[in-house]
Structure formats: structure tokens, C-alpha cells
Amino acid sequence: MPQISAENPDGNRVARARRFLMCRPTYFDVTYSINPWMNPTRPTSAEAALDQWERLYDTFVKLGHGVSLIEPVPGLPDMVFAANGATVVDGKALIARFRHRQRADEAKAYAMWFRDNGWTEVRQADYLNEGQGDFLYTGDTLLAGCGFRSDVRGHDEAREFFGVPVVSLTLVDPRFYHLDTALSVLRPGEVMYYPAAFSAPSRKVLAEYYPDAILADEADAVAFGLNAQSDGCNVVLAQQATGLARRLRDRGYRPIGVDLAELLKAGGGARCCTLELR
Ligand code: ARG
């Protein structure tokens, strides 16, 4: 089993500039349902989604992160959730293979973006995996979710492609169908998560690796507070997740609340909108 080092939880938090790929929700809509949040009979507004997304984009830019953009494709309303397009570690990109046909073509768009932007180690995954929705990099290890979207065989594929240890975690609550809806890496060695989203053996693994983790309650989890993007100091998360924000502050982090209620109608939040480029 790989070692995940746990540092002393106090002391100064250090922000590290990140590079993200994001996709404007120009064609945002909920026209199908592939997770319990999506109700196609409920009205959506691409304009409201755009507005909220622009604020999220500005937040990352103001924090000093670099943001590249991929052109949205008509007919792919979930493409705004860039996290799902690929997993990137040390300059290598493993392109997603989506479980649902409604999102399948996003993989082509993301593969093309990487190739067009000079990435040379780009591989289309053989097994189902939804990119950084299910793969969370801790700095030396990939935490890998399965149970709803990604095939567990994809975890081996990632281990082999990236040459890093992979820790498989099984999700059991359909509301938290991607790992990044149930767990967030705050910095190497520190995470926050919602225990009930995981199978009993996975809860045991998490408790062993992260005895000091912040445990979210259900209210913060359903507000998508765990779908957060941390740079090691600033933690961008749903503004409705007030309990988590308080606990992050207590640990020395700087929570930054954003309203992404429109995107939540598709079952996505702050982290879903960003694909980290490493
Ligand atoms: N509607 C999208 C889906 O169900 C939302 C994806 C959210 N992305 C994420 N990284 N959790 O596939």
C-alpha cells in the first residue's frame, strides 16, 4: 500500500498556482438524466449557468491560477464539466471513456484539445473512466473512484500509464456518483470527505490513510461542498456548504464560496468545471 504522508494540520497554508482547463457552458441544459440530480422536466437557464460559471472563472484567475479554455460543442450540454474529460499527471493525459453515450463524444473534443495544444503523451483510455471526476491526484498517489461511472479495471490502466500508486475507493450512494462529489484533496496528506458515500471497506481505507480528515455531514455533501478546488490554501466550493466553510477556516484554509446552483441541476459543482493540467 502506498504511503500518504499526513502533515501537522496547523501552521501556514501555502497556495500553489494551478493550471486549469475549463469549458464555457454555452450549450448548458439538462436534456437527459444520468444522475439523480438531473431532471429534464425542470427548467434550466444557460444564461444563469454562464453567469455563475464566469464568476467561478474570475475567482480562479484572481487567485492567480492559469485557465485555458476549450471550445464548447453544440449538443454536448455536460461539456462544461471539464474535470471529466481526462486525467493529467506529469504531462501525460489519459482521455476519458464515458459510461453514457450522451457524453461519449466529449472524449474526442478533449483528446483533440490536448493534441492541438502540444501534449505528446495523450492516450485514449481502453476502460470506462470519467477523468478527474473519479481520479483525484494527491501529489504522489491517485485516489480512484468506482461504483457508478469508472470501471475498476481503469484503475489498473491509470496505474500503468502514469506509473503512480492508485488507491481504489468504492462509491455506494448514487447522489455521489463521482469521487469528486464525495471527497476533496485539500493538499498532500489532507482531505475532506463524506463517509456515507463510501463502502465499508473504503471507509476503512480512508480512515487509515487520513485519520485527521475533515468529515462532511450530509447537508454539506448534498450542497456539493466536497466538489471543491483547493490550491493548498484557498478552497473554492459551493457557497451553500456553510458548515464545511467553517471547518475549513478552523483548519487554517480560506474557503471561497461560489453559487453554482444552476450547474447543480446537472449534478456538477466547482471542481467538476475544472480539469487540472499538471
Ligand atoms: N451531468 C454530468 C454527469 O452526470 C455531471 C458531471 C459532474 N462532473 C464531476 N466531475 N462530478 O456526468
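Residues numbered from 1 in each chain as written. Predicted model: local features only at pLDDT ≥ 70, side-chain atom pairs only at ≥ 80, totals over all residues. Heavy atoms only, no water.

Peer 1: Which residues make up the overall build of the protein chain, and what values go with them?
Peer 2: From N to C terminus, the protein chain includes eight helices and 15 strands. Computed over the C-alpha atoms, the radius of gyration of the protein chain is 17 Å, within 12% of the 19 Å expected from 2.2 N^0.38 for a compact globule of 278 residues. Taken along the three principal axes of its C-alpha coordinates, the protein chain extends 45 × 40 × 35 Å. Working note: accessible area of the protein chain is about 11,300 Å², and carbon and sulfur atoms make up 49% of it. (Helix = DSSP H or I, 4+ residues; strand = E, 2+ residues; numbered from the N terminus. Rg over C-alpha atoms; globule rule 2.2 N^0.38 Å. Areas by Shrake-Rupley, 256 points an atom, 1.4 Å probe, with all protein chains shown as cover.)

Peer 1: Outline the pairing of strand 10 (residues 190-193), listing residues and values.
Peer 2: Of the two faces of strand 10, the one lined by Glu190 and Met192 and the one lined by Val191 and Tyr193 are each fully buried. Of the pairings in the sheet, the one linking strand 9 (residues 183-187) to strand 10 comprises four bridges and is antiparallel in character. Across the sheet, residue Ser184 finds its bridge partner in strand 10, namely Met192. In textbook terms, the turn of a hairpin is the stretch between consecutive antiparallel strands, and for strand 9 and strand 10 this stretch comprises two residues, one of which, Gly189, has a positive phi near 90 degrees. Where strand 10 and strand 11 (residues 214-215) come together, two bridges link them in parallel fashion. Residue pairing across strands places Met192 opposite Ile214, the latter belonging to strand 11. As a crossover connection, the stretch from strand 10 through helix 5 (residues 200-209) into strand 11 is right-handed. (Buried < 20%, exposed > 50% of the residue type's maximum accessible area, 1.4 Å probe, protein only. Pairing = 2+ DSSP bridges. Right-handed = clockwise from strand over helix to strand, strands pointing away.)

Peer 1: Kindly report on the confidence of the model for the protein chain, identifying the contributing residues and their values.
Peer 2: Detailed reading of the predicted coordinates is not advisable wherever pLDDT falls low. Chain-level pLDDT for the protein chain is 95 on average; 96% of the residues reach the 70-or-more range. This model gives residues 1-10 a pLDDT under 50, and the stretch forms 20 contacts once residues within four places in sequence are excluded. (pLDDT = per-residue confidence, 0-100. Contact = heavy atoms within 4.5 Å.)

Peer 1: Give me the pattern of salt bridges: which residues, what numbers.
Peer 2: On inspection of all chains with the given rule, the structure shows 17 salt bridges. Across the pair Lys108 and Asp105 runs a salt bridge whose closest N-O atoms are separated by 2.9 Å. Here Arg278 ties to Glu276 by a salt bridge, and the two come within 3.3 Å at their closest N and O atoms. Connected through shared salt-bridge partners, Arg13, Arg187, Glu190 and Arg251 make up one network. (Salt bridge = Lys/Arg side-chain N within 4 Å of Asp/Glu carboxyl O.)

Peer 1: Go over the site of the ligand, please, and point to the residues and values.
Peer 2: Taken together, the neighbourhood of the ligand is formed by 17 residues, with Asn35, Arg103, Asp180, Ala266 and Cys272 sitting nearest. A distance of 2.9 Å is found between a nitrogen atom of the ligand and a side-chain nitrogen or oxygen belonging to Asn84. Contact between the ligand and Asp180: a nitrogen atom at 2.8 Å from a side-chain N or O atom of the residue. Against a free-state accessible area of 350 Å², the protein chains account for coverage of 100% of the ligand. The residue inventory of the shell around the ligand, partitioned by class, reads seven nonpolar, six polar and four charged. (Near = heavy atom within 4 Å. Polar contact = N/O pair within 3.5 Å; in protein donor to acceptor, adjacent residues only side chain to side chain. Nonpolar A, V, L, I, M, F, W, Y, C, P; charged D, E, K, R; others polar.)

Peer 1: Can you explain the packing of aromatic side chains? Please cite residues and give values.
Peer 2: Throughout the structure, instances matching the rule amount to nine aromatic pairs. Measuring from centroid to centroid gives 5.1 Å for Trp37 and Phe224, while their planes differ by 80 degrees, and the two rings are edge-to-face. With Trp37 in the loop between strand 1 (19-22) and helix 1 (46-62) and Phe224 in the loop between helix 6 (218-222) and strand 12 (229-230), this pair connects stretches of sequence that are 187 residues apart. Assessed through its relative accessible area of 2%, Phe224 is described here as buried. With a centroid separation of 6.3 Å and an interplanar angle of 65 degrees, the aromatic rings of Tyr209 and Tyr210 are classed as edge-to-face. Among the aromatic side chains, those forming a connected cluster through ring pairs are Trp113, Phe114 and Trp119. Its end group placed over the ring of Tyr253, Arg13 keeps NZ or CZ at 4.5 Å from the ring centre. For the cation-ring pair, Lys92 lies above Phe161, with the distance from its terminal atom to the ring centre recorded as 5.1 Å. (Phe/Tyr/Trp six-rings, centres within 6.5 Å; stacked < 30°, edge-to-face > 60°. Lys NZ or Arg CZ within 6 Å of the ring centre and 35° of its normal.)

Peer 1: I'd love a proper account of the pairing of strand 7 (residues 142-146), names of residues and values included.
Peer 2: Burial of strand 7 is extensive: five of the five residues sit out of reach of the surface. Because side chains alternate across strand 7, one face comprises the buried residues Leu142, Ala144 and Cys146, and the other comprises Leu143 and Gly145, equally buried. By the bridge criterion, three bridges tie strand 6 (residues 135-137) to strand 7 in an arrangement that is antiparallel. Paired with Leu136 across the bridge in strand 7 is Leu143. Counted between consecutive antiparallel strands, the loop separating strand 6 from strand 7 contains four residues, among which Gly139 sits at a positive phi close to 120 degrees. When strand 7 meets strand 8 (residues 166-170), the two strands line up parallel, connected through five bridges. Paired with Gly145 across the two strands is Leu169, which belongs to strand 8. Taking the sense of rotation as the criterion, the β-α-β connection linking strand 7, helix 4 (residues 153-162) and strand 8 turns out right-handed.

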